[in-house]
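# Observations on the three-dimensional arrangement
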Amino acid sequence: MTPIISARQLCKSAGEKMILRGIDINIRAGESVAVLGPNGAGKSTLLKILSTLVKPTEGELLIQGKRVADDGAAIKRMIGYLPHNSLLYDHLTAAQNLAFYGKMYRVPQLRERIEELLRKVGLYHFRDEPVRLFSRGMIQRLSIARAILHRPQILLLDEPHTGLDREACDLLNRLIDSLKAENGTIIMVTHDFEHALEVCERILIVRNGKLADDLSTGQLEQEELFTLYRKQVAG
Ligand SMILES: Nc1ncnc2c1ncn2[C@@H]1O[C@H](COP(=O)(O)OP(=O)(O)OP(=O)(O)O)[C@@H](O)[C@H]1O
């Protein structure tokens, strides 16, 4: 079966700096994958490239067998991306932000979908407040709504639990579970090894711009996984 994500020899450089140095990955539809690794390893850069927002300097990315250059709009609609920076507009209200992205993704019955999501993430009563007045946790809640607005099949999450309170963490975990139940594909950058094991069936370890390990959580005991993880991440 064609992998939903297939990356060949992805490289990214910025000036003289090589951030990614030839990453190959195949991810099947329905897989949940954690990306772990030390600070500065290239995890967020990899996720940005998979989101199609950033182009690799070299290498090829295929989403469901298609090049982004060939069918960009359809591919973008398949992907939900929750990055570090929120991608929200400060001067727009919560509802206006979702309306902006909803139109871009041509979400059907947009008004109803926005209301449903604002209720889901607990921001319905703040729908007409500008985002510049939001706390970090509220921004993260709205960013989650933005990322799943168009019901993407692939969800890319960059340290998604950062800044969330307990209730919002539970909400996010429930969303991840429901996407998994619908055969959605999840790729999550995290520093939380235990949480990665809870949520994901596969762990990719990125180190110094390369894929240092590709582990299946079902095949190894937690102890063995942790030893491999520590070996790669600590030294
Ligand atoms: N646009 C850029 N220009 C120059 N250097 C960059 C750029 N983007 C990222 N880098 C550098 O590339 C390296 C990898 O960054 P990246 O954010 O992908 O790492 P990361 O593994 O996600 O790190 P962390 O765990 O700290 O979030 C870092 O040294 C970073 O400073």
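Quick note: structure is the one above.
A brief structural summary. No experiment lies behind these values; they were computed from the predicted model shown. Every chain's residues receive numbers from 1 upward, in the order its sequence appears when written. Reporting in this predicted model follows two pLDDT cut-offs: at least 70 for local features of residues, and 80 or more for side-chain atom pairs to be given and counted; totals over whole chains, interfaces and linings ignore these cut-offs and use all residues. Computation of side-chain values: all heavy atoms of the structure, hydrogens and water removed.

Looking now at the packing of aromatic side chains. Aromatic pairing here means that ring centres of Phe, Tyr or Trp (its six-membered ring) are within 6.5 Å. Orientation follows from the plane angle: under 30 degrees is stacked, over 60 is edge-to-face, and everything else is tilted. Applying the stated criterion across every chain yields a total of three aromatic pairs. Judged by centre distance (6.4 Å) and plane angle (25°), the ring pair of Tyr89 and Tyr101 falls under stacked. Placement of Tyr89 in the loop between β6 (79–82) and α3 (94–104) and of Tyr101 in helix α3 is noted, with a sequence separation of 12 residues between them. For every residue, the accessible area obtained with a 1.4 Å probe (protein chains only) is divided by the maximum for its type, and the residue is called buried under 20%, exposed over 50%, and partly exposed between those limits. With a relative accessible area of 7%, Tyr101 lands in the buried category. Note on Phe100 and Tyr101: the rings are 5.1 Å apart at their centroids and 85° apart in plane angle, and the pair reads as edge-to-face. Connected via pairs of aromatic rings, a cluster forms that spans Tyr89, Phe100 and Tyr101. If you follow Arg127 out to its NZ or CZ, it ends over the ring of Tyr124, 4.0 Å from the centre. In DSSP terms, a helix is any run of H or I states spanning at least four residues, a strand is any run of E spanning at least two, and both are numbered starting from the N terminus. Each ring is checked for a lysine NZ or an arginine CZ that lies within 6 Å of its centre and within 35 degrees of its normal; such an atom marks a charge sitting over the ring.

Bringing helix α4 (residues 110–120) into the picture now. Every buried residue of α4 is listed here: Leu110, Arg113, Ile114, Leu117 and Leu118. Seen from one end, α4 has its buried residues packed into an arc of 130°, which puts them on one side. Exposed side chains of α4 directed beyond 90 degrees from the buried face belong to Arg111 and Glu112. Contacts made by the buried residues of α4 are with α3 and α5 (136–148). Directly beyond the C-terminal end of α4, a positive phi value near 75° is found at Gly122. Here the arc refers to the directions that run from the helix axis out to each C-beta atom. Contacts between residues were defined by any pair of non-hydrogen atoms, one from each residue, lying within 4.5 Å.

Counting 49 residues, the largest nonpolar core has Ile114, Leu118, Leu142 and Ile203 as its most contacted members. Considering every element that reaches this core, the biggest residue donor is helix α6 (residues 166–181), with seven residues. Those residues in contact with Ile203 that sit more than four places away from it in its chain are Ala34, Leu36, Phe193, Ala196, Leu197, Asp213, Asp214, Leu215 and Thr217. Here, the term nonpolar core denotes a set of buried Ala, Val, Leu, Ile, Met, Phe, Trp, Tyr and Cys residues that are joined through side-chain atoms within 4.5 Å.

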